[in-house]
Amino acid sequence: MTLTTTKADKLLTDHFAPWVQALGLSTAETGERHAVLRLPWSDRLAREGGGLSGQALMAAADTACVIAVASARGGFGPMTTVQQSTTFQRAVLAQDVLVHARITKLGRRIAFLDIALTPEGAEDPAAHATAVYALG
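The present account deals with the structure reproduced in this document. (Residues numbered from 1 in each chain as written. Predicted model: local features only at pLDDT ≥ 70, side-chain atom pairs only at ≥ 80, totals over all residues. Heavy atoms only, no water.)

1. Re the pairing of strand β2 (residues 34-39)
Spelled out, the test is: For two strands to be treated as a pair, DSSP must find at least two bridges joining them. A run of DSSP states H or I qualifies as a helix once it reaches four residues; a run of E qualifies as a strand once it reaches two. Both are numbered from the N-terminal end.
Here four bridges tie strand β1 (residues 26-30) to β2, and the two strands are oriented antiparallel to one another. Among the inter-strand pairings, Glu29 is bridged to a residue of β2, identified as Val36. The antiparallel pairing of β1 with β2 creates a hairpin that spans three residues between the two strands.

What follows is the structure, given as structure tokens:
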């Protein structure tokens, strides 16, 4: 049974560090093998030059993966990021970002995910990531 967006948002509040919560992430969608989080634009997350910082994008991708795995498993459980690789393709300027985390393989002890970080209203992602999680 997948998580509702309300339950996923409660996971964000209950299981993530204050600095992750300060990103302002919210759950836009959950499904059997995916989750979509919204990273709202904020000047405080921008780097010099006005682009959204890579650190904020990577943290949002990592967080979206946890929500996607929790949705696929029917609830939150222990998991650890084993690997995350991110490619930045263009700057995000003054736009919210939709973070689409899709599970490509879910085993009993490990999960693989593909993440697209796309500015709202854009067709092409601004960044792409892959991640591997160890599941408890």
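2. Things to note about the side chain of Thr30
Selection rule: Per-residue accessibility, obtained with a 1.4 Å probe over protein chains only, is compared with the maximum for each type, and a residue is labelled buried under 20%, exposed over 50%, and partly exposed between these values. We call two N or O atoms a polar contact when they sit within 3.5 Å, provided that within protein one can donate a hydrogen and the other can accept it, with sequence-adjacent residues counted only if both atoms are side-chain atoms. The contact criterion used is simple: two residues touch if any of their non-hydrogen atoms lie within 4.5 Å.
Its location among the elements puts Thr30 in strand β1. Classification of Thr30 by relative accessible area gives buried; the value is 17%. In this structure the side chain of Thr30 is engaged in a polar contact, spanning 2.4 Å, whose partner is the backbone oxygen of Leu3. Setting aside residues up to four positions removed in sequence, Thr30 forms contacts with Leu3, Thr4, Thr5, Ala8, Ala35, Ile67 and Ser71.

3. Looking at helix α1 (residues 5-15)
Our working rule: Arc definition: directions from the helix axis to the C-beta atoms.
Buried within α1 are the following residues: Ala8, Leu11 and Leu12. For α1, the angular spread of the buried residues around the axis is 100°, confining them to a single face. Of the exposed residues in α1, the ones pointing more than 90 degrees away from its buried face are Thr6, Lys10 and Thr13. In this structure, the buried side of α1 is in contact with α2 (18-21), β1 and α3 (54-73).

4. What about the environment of Ala59?
Within the secondary structure layout, Ala59 lies in helix α3. Not counting chain neighbours up to four residues away, the residues in contact with Ala59 comprise Trp19 and Leu23.

5. What to know about the sheet that holds strand β5 (residues 110-119)
We count it as follows: Axis lines are fitted through C-alpha atoms, for helices just across the contact stretch, and the angle between N-to-C directions can take any value from 0 to 180 degrees.
Overall, antiparallel pairing links the six strands, which are arranged β1-β2-β4-β5-β6-β3 in an open sheet. In the strand order of this sheet, the two ends are held by β1 and β3 (79-88), each with one partner. For this sheet the average axis-to-axis angle between neighbouring strands, irrespective of direction, equals 20°.

6. Some thoughts on unusual backbone geometry
One non-glycine residue, Ala94, lies in positive phi territory at about 50°. Here Ala94 shows up in the loop between β3 and β4 (97-106). Judged by its relative accessible area of 58%, Ala94 falls in the exposed class.

7. Things to note about the side chain of Thr118
Mapped onto the secondary structure, Thr118 falls in strand β5. A residue is classified by how much of its surface remains accessible, and Thr118, at 11% relative accessible area, is buried.

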